[in-house]
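Descriptive structure summary
Listed below, chain by chain, are the residues.
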Amino acid sequence: FFFQAEDGIRDKLVTGVQTCALPIFAAYDPYTPDPVIFVLAALVLRFWMTDRAYLVTLIGLLGIFAKETVALLVSAPALAVMYDRTLRQRWRWLVPAASAGVTLGVFHGFMGHYFGWTISKNAAASFSTGSWLAIWWKANPLSMKALMVFAPYGFGLIFAALGFRHAPAPVRSLAIGFILPLAALVFVQTPERALGNAFFVVVPLAAAWLSQIPATVAWLAVITNALLTTRVGLSTEALPSTTKLLLPATIAAAIALVAYARTKIGRAHV
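These figures come from a predicted structure and were not determined experimentally.

Further remarks concern the nonpolar core. Counting 60 residues, the largest nonpolar core has Phe159, Phe178, Phe200, Val201 and Ile213 as the members making the most contacts within it. Ranked by the residues each element gives to this core, the list is headed by helix H14 (residues 199-210), at 10 residues. When sequence neighbours within four positions are dropped, the list of residues in contact with phenylalanine 159 reads Leu205, Ala206, Trp209, Leu210, Ala221 and Ala253.

What follows deals with the environment of histidine 108. Considering the arrangement of structural elements, one finds histidine 108 in helix H7 (residues 90-115). Considering only alpha carbons, one finds histidine 108 and isoleucine 119, 11 residues apart in sequence, at a separation of 9.4 Å. Polar contacts involving the side chain of histidine 108 include one to the side chain of glutamate 68, which spans 2.5 Å.

A few words now on the environment of leucine 257. Mapped onto the elements, leucine 257 comes out in helix H16 (residues 242-269). For leucine 257 and phenylalanine 159, which are 98 residues apart along the polypeptide, the C-alpha to C-alpha distance reads 8.8 Å. Beyond its immediate sequence surroundings of up to four residues, leucine 257 is in contact with Leu162 and Trp209.

A cluster of nonpolar residues, Phe110, Tyr114, Phe115 and Trp117, forms a patch on the protein surface that exposes about 530 Å² of accessible area. Residue position: phenylalanine 115 is located in helix H7.

Here we come to the pattern of salt bridges. For the structure on display, the rule yields 3 salt bridges. Two residues, arginine 92 and aspartate 51, come together in a salt bridge whose shortest N-O distance is 3.1 Å. Residue arginine 92 is located in helix H7, and its partner aspartate 51 is located in the loop between helix H3 (34-49) and helix H4 (53-63); the two are separated by 41 residues in the primary sequence. In this structure, the salt-bridge partner of glutamate 237 is arginine 231, at a minimum N-O distance of 4.0 Å. Residue classification places glutamate 237 among the exposed positions, given a relative accessible area of 69%. Relative accessible area serves as the criterion here: at 10%, arginine 231 is assigned to the buried category.

Next up on the list: helix H15 (residues 215-234). Under the 1.5 Å per step criterion, the end-to-end length of H15 is 27 Å for 20 residues, consistent within 8% with the ideal 28 Å. Residues Val217, Ala218, Ala221, Val222, Thr224, Asn225, Ala226, Leu228, Thr229, Thr230, Arg231 and Gly233 constitute the buried set of H15. Once H15 ends, the next one or two residues include serine 235, with phi positive near 55°.

Overall, the coordinates contain 11 aromatic pairs when judged by the stated rule. Pairing phenylalanine 107 with tryptophan 117 gives two aromatic rings, centres 5.9 Å apart and planes at 80°, and the pair type is edge-to-face. Separated by 10 residues along the polypeptide, phenylalanine 107 in helix H7 and tryptophan 117 in the loop between H7 and helix H8 (131-139) bring together distant segments of the chain. Relative to tyrosine 114, the ring of phenylalanine 110 has its centre 4.9 Å away and its plane inclined at 45°; by these criteria the two rings are tilted. Residue phenylalanine 110 and its partner tyrosine 114 are located together in helix H7, separated by 4 residues, close to a single helical turn. Among the residues examined, tyrosine 114 registers a relative accessible area of 56% and is labelled exposed. Each residue in the set Phe65, Phe107 and Trp117 is aromatic and connected to the rest through ring pairs, giving one cluster.

Definitions and limits used
- Residues numbered from 1 in each chain as written.
- Predicted model: local features only at pLDDT ≥ 70, side-chain atom pairs only at ≥ 80, totals over all residues.
- Heavy atoms only, no water.
- Core = buried A, V, L, I, M, F, W, Y, C linked by side-chain atoms within 4.5 Å.
- Buried < 20%, exposed > 50% of the residue type's maximum accessible area, 1.4 Å probe, protein only.
- Helix = DSSP H or I, 4+ residues; strand = E, 2+ residues; numbered from the N terminus.
- Contact = heavy atoms within 4.5 Å.
- Polar contact = N/O pair within 3.5 Å; in protein donor to acceptor, adjacent residues only side chain to side chain.
- Patch = residues over 30% accessible without salt bridge, like charges linked within 9 Å, V, L, I, M, F, W, Y side chains within 5 Å.
- Areas by Shrake-Rupley, 256 points an atom, 1.4 Å probe, with all protein chains shown as cover.
- Salt bridge = Lys/Arg side-chain N within 4 Å of Asp/Glu carboxyl O.
- Expected span 1.5 Å × (residues − 1).
- Phe/Tyr/Trp six-rings, centres within 6.5 Å; stacked < 30°, edge-to-face > 60°.

In structure tokens form, the structure reads like this:
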């Protein structure tokens, strides 16, 4: 996407990636698999855009030993080519998901049989009771749920939804392909953690929308939203409180939405 983007998108895309709340938190607390997962997710996007299925296969085969989430990441291209069969040679993009799934199954079978490894005591494996999603739902009031879903991207999710129609076809297909894996992540993790893993499709979609409005307005929305998500991710006292940052981010997002509406009206009259 970096190399196929229209002028002006690339910088906004890079800024968006760097200021999503969960990658920021991963930089603050790097002693987990999450930083590796975020790098691999970005590489999946890069290799998908450059049609390098064999490299995504390597990511799946090796990355699952860092975190099993990678198996879901590499399944997104497989689902994307099933959605839009004109994009790629389909069979090549089925290989990453299939090989990662088989490797993961063999690994669990081997370790469980010979070493007694099991995830049965983990709440994530309790599918009949709703896994982590049920725990998350019961533990948080409605206002907190809304805040936690909003926190990873701020207004970026709105920008991404609006940007779907403006994004290149491969980006749109990859986003659709990640819907089912994302639903699985929401179920076995929690919504905010699952959404954090979706930055490799959310950010390009948001960048595509930002490219439709004047650059000054776009940068205002990006910077204020970035400060907000950075504050959420780091909880640093170097920035104002989340409450104080929410107001300028909201105003900037509203200005961006108005600018987009005016742009659409202007084009309609041309």
